[in-house]
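Spelled out from the first residue to the last, the chains are:
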Amino acid sequence: MIKPKSNEEVELMRISALMVSDALSLVAKELKPGITSAFINKMVDEFIHDNGATPSFKGYNGYPFATCISVNDAVVHGFPNDRELIDGDIVSVDIGVFKNNFHGDHAYTFAIGEIDSETQRLLRVTKESLYLAIEKCIVGNRVGDIGFTVQEYTEKKNGFGVVRELVGHGLGHKMHEDPQVPNYGRKGIGPKLIDGMVIAIEPMINLGRKEIYTESDGWTIRTVDGKVSAHFEHDVCVRPNKADILSNYAPIEAAEKKNPNLFWSY
Ligand code: MF3
Ligand code: CO
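Residues numbered from 1 in each chain as written. Chains lettered and ligands numbered in written order. Predicted model: local features only at pLDDT ≥ 70, side-chain atom pairs only at ≥ 80, totals over all residues. Heavy atoms only, no water.

A.B. asks: Please clarify how empty space enclosed by the protein should be interpreted in this entry.
C.D. replies: Gaps left between atoms are located by rolling a probe of water-molecule size over the structure's atoms. Taken as a whole and assessed by the stated rule, the structure comprises 1 cavity of 30 Å³ or more. Its volume calculated, the largest cavity comes out at about 30 Å³. As for the largest cavity, its lining consists of Lys3, Pro4, Lys5, Glu9, Phe102 and His173. For the lining of the largest cavity, the residue count by class is 2 nonpolar, 1 polar and 3 charged. (1 Å grid on protein atoms, 1.4 Å probe; cavity = no way out; pocket = protein on both sides within 12 Å on 5 of 7 lines; lining within 4 Å. Points joined across faces, edges and corners; volume = space filled by probe spheres on them. Nonpolar A, V, L, I, M, F, W, Y, C, P; charged D, E, K, R; others polar.)

As structure tokens, then:
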């Protein structure tokens, strides 16, 4: 069942979404070669608790950490670990917070040091596809319009692989609410978008083939061909004329640009 949010509820959800944006900004400030994803995870976990919230992911279906940190061929749901990050890594950081009884859940993929031109194109196209999809989040459109837009741009126009098994989702009191929001589909099909509906849109786009597998840890999703994958996620409220993006990349991108260890000019 799809439950649209009242204006008051949307404002509470914005608080949760922006707390994730602030956590991702902190990550953007601290990322550099030599640190570990476990370190990033600990920092974010503390940040969330310091701000009077709890991490949405920890304990969700038994997931053991506050964040998902997915490096290179890891698509999503990567476990933070003790491997030191190196020049050329791309690092998807996905964070959820629960505050005022509402979840925020969004993600950004960072590039450490120099990355090759194909990986740059993957990051640019994946982020662009998210914003093209958000343009479709207006009353009267359908969920299929969102997936169609992502797939057309990333797969048809740019030749990348669109992950099929994992999807975006409604967001609210629960982290995963109806509807499912696939990154592929057909125009004009699926549930109608209604005023006040809040969804997390999260294209997961592979440089190579679309096929994925789950690692033996039971969580980490990786590309079958071993090529890199990008992941960007925003929390979006459907409105009549223009979508309201509850999360915010501006402070993350500002911190990214200030950090000489990150590559951002793709
Ligand atoms: N952004 C991811 C999602 O919406 C995060 C979930 S990770 C989990 O599915 F560990 F909490 F499952
Ligand atoms: Co999500």
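Having seen the model, we can carry on.
A.B. asks: Mind showing me how you'd approach the sheet that holds strand β15 (residues 244-245) here?
C.D. replies: Within a beta sheet, neighbouring strands are joined by backbone hydrogen bonds and run either parallel or antiparallel to one another. Taken in spatial order, the 5 strands make up an open sheet running β8-β7-β9-β14-β15, and their pairing is antiparallel. Lying at the two open borders of the sheet, with one neighbouring strand each, are β8 (177-181) and β15. Sheet topology note: the strand β14 (residues 234-237)/β15 ladder contains 2 bridges and is antiparallel. Its bridge partner lying in β15, Cys237 is registered against Asp244. (Pairing = 2+ DSSP bridges. Helix = DSSP H or I, 4+ residues; strand = E, 2+ residues; numbered from the N terminus.)

A.B. asks: Can you walk me through the coordination of the cobalt ion (ligand 2) in this structure?
C.D. replies: Ideal geometry at a metal centre gives angles of 109.5 degrees when four donors are arranged tetrahedrally and 90 or 180 degrees when six donors are arranged octahedrally. Taken together, the protein donors to the cobalt ion (ligand 2) comprise Asp105 (OD), His169 (NE2), Glu202 (OE) and Glu233 (OE), at separations of 2.1 to 2.2 Å. Here the cobalt ion (ligand 2) is ringed by 6 donor atoms whose angles at the metal span 66 to 169°, and the overall shape comes out irregular. All donors of the cobalt ion (ligand 2) belong to a single chain; written as a sequence motif, their spacing is D-x63-H-x32-E-x30-E. Linking Asp105 in strand β5 (residues 102-112) with Glu233 in the loop between β13 (229-231) and β14, this pair joins segments that are 128 residues apart in sequence. (Donors = N, O, S within 2.8 Å, 3.2 Å for Na, K, Ca; no water. Tetrahedral: all angles 85-135°; square planar, octahedral: opposite > 155°, others 65-115°.)

A.B. asks: Can you walk me through the packing of aromatic side chains in this structure?
C.D. replies: To describe a pair of aromatic rings, you give the distance between the ring centres and the angle between the ring planes. All chains considered together, the criterion is met by 9 aromatic pairs. Relative to Phe110, the ring of Tyr108 has its centre 4.8 Å away and its plane inclined at 45°; by these criteria the two rings are tilted. Here Tyr108 falls in the buried class, since its relative accessible area comes to 0%. Ring geometry for Tyr108 against Tyr249: centres 4.9 Å apart, planes inclined by 90°, an arrangement best described as edge-to-face. Of this pair, Tyr108 sits in strand β5 while Tyr249 sits in the loop between β15 and α5 (250-258), and the two are 141 residues apart along the sequence. Each member of the pair, Tyr108 as well as Tyr249, carries the same accessibility label: buried. Through a chain of ring-to-ring contacts, the aromatic side chains of Tyr108, Phe110, Tyr131, Phe232 and Tyr249 assemble into a single cluster. One residue, Arg164, lies across the ring of Tyr184, its end atom 5.3 Å from the ring centre. (Phe/Tyr/Trp six-rings, centres within 6.5 Å; stacked < 30°, edge-to-face > 60°. Buried < 20%, exposed > 50% of the residue type's maximum accessible area, 1.4 Å probe, protein only. Lys NZ or Arg CZ within 6 Å of the ring centre and 35° of its normal.)

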